[in-house]
Amino acid sequence: MRKISMVDLKAQYEKIKPGVDAAINEVISSTSFINGPVVKEFQADLEKYLGVKHVIPCGNGTDALQVAMMALGLKPGDEVIAPSFTFIATAEVIALLGLTPVLVEVDPHTFNIDPAAVEKAITPKTRAIVPVHLFGQSADMDALMAIAEKHNLYIIEDACQAIGADYLFADGSTKKVGTIGHVGCTSFFPSKNLGCYGDGGAIFTQDDELAKKLRSVVNHGMTVRYYHDDIGVNSRLDSIQAAVLKVKLPHLDEYAAARRKAAAAYDQAFGNHPKLQVPVRFDRSNHVFHQYTLLLNGVDRAGLIEFLNSREIPAMVYYPVPIHLQKAYLDPRYKPGDFPVTEDLSKKVISLPMHTELEDEQLSLITSSVLEYLNR
Ligand SMILES: *Cc1c(COP(=O)(O)O)cnc(C)c1O
């Protein structure tokens, strides 16, 4: 049996090695390291896959969020609503731009932003909402889009963990997550569902004017060389990363299927256990399982992790500290107890190994070990 890891990038690479190696070598031979033709090719492939008019590649998912907020013209003092339970990048870029992050509670079942809490947090200064499609499943976009329309707000989707997931609208139509709001952001960090071999990211929009602005902002605010119409940043997807992504994109759906198969094995083992809540599926989204995250009830989480580690099974906590309790984000507006669901989740969640190459033997060792600890 292979050693179990949270994400097995090596086993995945071994299956696509000839294609990846050839693609990387081609970039090296061409020496078109920045903005080589393969960047545009990957961009076109991804536009087609997502069914979106514009994909703007950029340096990473954090930049994607920052650039989206810059291109939308958000200004210091503007309030941006984000979930209290997420990876820090979501709130980080809001703070970095001098905007005011307004945190709201999440749903205890799906762990995604609670639309009712969003509506309550809206003030005359609110300009945008950033739903995060956490762990690979869409937030409630019907409700959020309706709120945004009613209050004239932008929706910036953080789809860093959910690329490829579909959203099913109340009217029966479907869209890929990240293409529903005014702008969507994703990350190609190696461990993400579509990961490159370094840093990478992209921004999505259906809006031609916004696309122009986004392309300008990622490139020093420049449309015509050395003429700077906007204050921008330097955030590019390099050609080698685009070459890797172009090879991997055609596998994305089969990767999602492999993740779902592993999730089904976990569900099968844990679904009826009184101390475990398996990932709750939201009926408007399919789940692409960036993470498989259990909610523990009356279990010593640190003890479980230690027990699993003693059998060379990794497990992680995403995320152990809610944003409003992070040192850098302490704010007189917030205090412990303000987000009881988030605070409870941060104490009770545990994520198990989840990737595209999990073997049956590995899954049965993981599930039997978890159950052994719970039942002893
Ligand atoms: C990974 C991630 C990001 C940031 O992406 P990077 O490419 O690492 O900058 C932002 N938001 C969420 C929810 C993420 O999971």
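Nothing here was measured: the structure is a model prediction, and the numbers come from that model.

1. A few points about the nonpolar core
Across soluble globular proteins, you tend to see nonpolar side chains buried next to one another.
And step 1. Membership of the largest hydrophobic core comes to 40 residues, with the highest contact counts inside it found for Phe85, Tyr266, Phe270, Tyr292, Leu294, Leu352 and Ile366.
And step 2. Residue assignment for this core shows that the elements contributing at least two residues are helix H9 (252-270), strand S11 (292-296), helix H10 (301-310), strand S12 (349-352) and helix H12 (360-375).
And step 3. For this core, the leading source of residues is H12, giving five residues.
And step 4. Taken domain by domain, this core gets at least three of its residues from each of domain 1 (9-249) and domain 2 (251-375).
And step 5. Residues within four places of tyrosine 292 in sequence aside, it is in contact with Ala263, Tyr266, Asp267, Phe270, Val278, Pro279, Ile350, Ser351, Leu352 and Met354.

2. Examining the domain arrangement of the protein chain
Interface size is commonly expressed as the accessible area that is lost once the parts come together.
And step 1. When cut into domains, the protein chain gives domain 1 (9-249) and domain 2 (251-375).
And step 2. Centre-to-centre separation of domain 1 and domain 2, based on C-alpha positions: 24 Å.
And step 3. Counting residues at the interface gives 52 residues for domain 1, matched by 37 residues for domain 2.
And step 4. In this assembly, domain 1 packs against domain 2 so that about 3,800 Å² is buried in total across both faces, 59% of it on carbon and sulfur atoms.
And step 5. At the junction of domain 1 with domain 2, the criterion picks out two salt bridges.
And step 6. Taken together, domain 1 and domain 2 are joined by 24 residue pairs in polar contact (both at pLDDT 80 or more).
And step 7. Ranked by residues supplied to the side of domain 1 that touches domain 2, first place goes to strand S3 (residues 100-104) with five residues.
And step 8. Of the residues that constitute the side of domain 1 that touches domain 2, the class distribution is 29 nonpolar, 13 polar and ten charged.

3. Quick look at the environment of tyrosine 334
And step 1. Relative to the helices and strands, tyrosine 334 is located in the loop between H10 and helix H11 (340-348).
And step 2. Under the relative-accessibility criterion, tyrosine 334 is labelled buried at 16%.
And step 3. When the C-alpha atoms of tyrosine 334 and histidine 324 are compared, they prove to be 6.4 Å apart, with ten residues separating the residues in sequence.

4. Things to note about the site of the ligand
And step 1. Taken together, Asn60, Gly61, Thr62, Phe87, Ala89, Val132, Asp158, Cys160, Gln161, Ser187 and Lys192 make up all the residues around the ligand.
And step 2. A distance of 2.8 Å is found between an oxygen atom of the ligand and a backbone nitrogen or oxygen belonging to glycine 61.
And step 3. Between the ligand and aspartate 158 there is a distance of 2.8 Å, counted from a nitrogen atom to a side-chain nitrogen or oxygen.
And step 4. Partitioning the shell around the ligand into residue classes produces four nonpolar, five polar and two charged.

5. Observations concerning unusual backbone geometry
And step 1. Across the junction of tyrosine 318 and tyrosine 319, the peptide omega takes the value 10°, indicating a cis bond.
And step 2. Its location among the elements puts tyrosine 319 in the loop between H10 and H11.
And step 3. Residue asparagine 35 is not a glycine yet carries a positive backbone phi of 55°.
And step 4. Within the secondary structure, asparagine 35 is located in the loop between helix H1 (9-30) and helix H2 (37-50).
And step 5. Its identity is not glycine, yet glutamate 312 carries a phi of approximately 60°, on the positive side.
And step 6. Relative accessible area serves as the criterion here: at 52%, glutamate 312 is assigned to the exposed category.

6. Considerations on the pattern of salt bridges
And step 1. Applying the stated criterion across every chain, the model contains 18 salt bridges.
And step 2. Between aspartate 230 and lysine 213 there is a salt bridge; the shortest N-O distance is 2.7 Å. Placement of aspartate 230 in the loop between helix H7 (208-217) and helix H8 (239-248) and of lysine 213 in helix H7 is noted, with a sequence separation of 17 residues between them.
And step 3. You can call aspartate 230 buried: its relative accessible area is 18%.
And step 4. The exposure class assigned to lysine 213 is partly exposed, which follows from its relative accessible area of 34%.
And step 5. Across the pair aspartate 331 and arginine 333 runs a salt bridge, and its minimum N-O distance is 3.0 Å.

7. Some remarks on the packing of aromatic side chains
And step 1. Scanning the entire structure with this criterion turns up 16 aromatic pairs.
And step 2. The interplanar angle of 90° and the centroid separation of 6.3 Å between the aromatic rings of phenylalanine 85 and phenylalanine 135 together place this pair among those described as edge-to-face. Note that phenylalanine 85 is positioned in the loop between strand S2 (79-83) and helix H4 (89-96) and phenylalanine 135 in the loop between strand S4 (126-129) and helix H6 (141-151), a separation of 50 residues in sequence. Judged on exposure class, the residue phenylalanine 85 and its partner phenylalanine 135 are both buried.
And step 3. Their ring planes at 40° and their centres at 4.7 Å tell us that tyrosine 266 and tyrosine 292 sit as a pair that is tilted. Of the two residues, tyrosine 266 is situated in helix H9 and tyrosine 292 in strand S11; the sequence distance between them amounts to 26 residues. One exposure class covers both tyrosine 266 and tyrosine 292, and it is buried.

Procedures and definitions
Residues numbered from 1 in each chain as written. Predicted model: local features only at pLDDT ≥ 70, side-chain atom pairs only at ≥ 80, totals over all residues. Heavy atoms only, no water. Core = buried A, V, L, I, M, F, W, Y, C linked by side-chain atoms within 4.5 Å. Buried < 20%, exposed > 50% of the residue type's maximum accessible area, 1.4 Å probe, protein only. Helix = DSSP H or I, 4+ residues; strand = E, 2+ residues; numbered from the N terminus. Domains from an automatic or database assignment. Contact = heavy atoms within 4.5 Å. Buried area = accessible area lost by both parts, 1.4 Å probe. Salt bridge = Lys/Arg side-chain N within 4 Å of Asp/Glu carboxyl O. Polar contact = N/O pair within 3.5 Å; in protein donor to acceptor, adjacent residues only side chain to side chain. Nonpolar A, V, L, I, M, F, W, Y, C, P; charged D, E, K, R; others polar. Near = heavy atom within 4 Å. Phe/Tyr/Trp six-rings, centres within 6.5 Å; stacked < 30°, edge-to-face > 60°.

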